[in-house]
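# Structural overview for review
Now for the letters of each chain:
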Amino acid sequence: MARWCAANGWPVHPLAAGRKTPAGNCPACREDPHRPTDCPCLPAGRWCHGFHAATTDPERLAAWWGVNPSLGVGVSCGPAGLVVLDIDAHTAEVPHRNRLLPGIPIHESVNLTGLASGYDTLALLAALRGRPSPADDEDTLRVRTPSGGLHIWYRTEPGGPRYRSSVGSSPKVALAWQVDVRATGGYIVTPATRTRAGTYTPVGAARLPAPLPDWLAAELLRTGHTPGPDPVRVPAPRPARATRPAQGTPRALRVLEPLLAEVRACAAAAEGTAFTEKLNRAAYTAGGLVAAGRLTEPRAQDLLTEAADAARPNRHRHSLTIIASALSAGAARPLDPEGRP
């Protein structure tokens, strides 16, 4: 599958065996936080930093999957020119009707009986625009996820606008409730990848992405998935002082703790607590602290996973996905609570 994706011009990177999250960094990178662009592993052909390591180089693919055939395959959506709609089918409390479609109030006359997942909100958005639901689009690649969700793959035109992912961001920039967007700044699991939860399985006959429909492009612009400028280079993290705690400064931990407490407090109710949004916020903040050199990535992972599992012990895999994505997004904005110039 990695070679097939690369042949289509889609850069790929390894996923941890049996999981849908990127393969872990090497020990040196875990212990010494730094920007992916400064990582010595990538020029050396190693896969640290998730989708930042994605490549189409056949020699590197052979080295990675030839030695580790159990690794899954992820595609870095931005360089591949892909926009993938990620429909979630997890059981959750349905929000107020005016929060189902960001920026679109839904009149009381619209009957929402039976609405329960992203399939329904995407169909509702399409109906309001007089279009069929992309979930039923037989002309493009669609992939059923092990949790019952659906990935709908589209491609953008070369040289055309780029769109950014909503995964790891505020839910206000999602396309709809339980419908996220994976594009620049994100990755997607390829069909045929096997995880402990099941296999990502193509639906229908199409095996390649169709062009992104104009009406969906307009919706991406409307909901804030706008073409972004080239990434801004940020200063490299300052070297850690000898007196700095090994895993995080006290001030960094004080910044993160209230957000972790909000996540843990979600244990009081099985739903309706905005768990995903709160975990997103905590992981995004942790990513900024890691990028600033004020918190190590392993410590951040441990703190976030512990809080998430305390609140939602039955959603461990879902929580890991949120944590990985939001940590990566937060790393683009270093957060230094020490406040020194």
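Details of the structure are given in the entry above.
In this report, the structure presented in the accompanying data block is examined. (Residues numbered from 1 in each chain as written. Predicted model: local features only at pLDDT ≥ 70, side-chain atom pairs only at ≥ 80, totals over all residues. Heavy atoms only, no water.)

This next bit is on the packing of aromatic side chains. Per the stated rule, a full pass over the model turns up four aromatic pairs. Between the aromatic rings of Trp4 and Trp10, the centroid separation amounts to 5.5 Å while the plane-to-plane angle is 90 degrees, which identifies the pairing as edge-to-face. Of the residues examined, Trp4 reaches a relative accessible area of 35% and is grouped as partly exposed. Summarising the aromatic geometry, the rings of Trp10 and Trp153 are spaced 5.6 Å apart at their centres and angled 45 degrees between planes, so their arrangement reads as tilted. Taken as a pair, Trp10 in the loop between α1 (2-7) and β1 (12-15) and Trp153 in strand β5 (residues 150-155) lie far apart in primary sequence, 143 residues in all. Taken together, Trp4, Trp10 and Trp153 form an aromatic cluster joined through their ring pairs. (Phe/Tyr/Trp six-rings, centres within 6.5 Å; stacked < 30°, edge-to-face > 60°. Buried < 20%, exposed > 50% of the residue type's maximum accessible area, 1.4 Å probe, protein only. Helix = DSSP H or I, 4+ residues; strand = E, 2+ residues; numbered from the N terminus.)

Here helix α8 (residues 275-291) crosses helix α9 (residues 297-311) at 170 degrees, and the two axes come no closer than 10 Å. Classified by the angle their axes make, α8 and α9 are roughly antiparallel. Contact residues: Phe275, Leu279, Ala282, Ala283, Ala286 and Val290 in α8; Glu297, Ala300, Leu304, Ala308 and Ala311 in α9. Looking at side-chain class alone, the contact of α8 with α9 contains ten nonpolar, no polar and one charged residues. (Axes fitted to C-alpha atoms, helices over the stretch in contact; angles between N-to-C directions. Parallel < 35°, antiparallel > 145°, perpendicular 65-115°, else oblique. Contact = heavy atoms within 4.5 Å. Nonpolar A, V, L, I, M, F, W, Y, C, P; charged D, E, K, R; others polar.)

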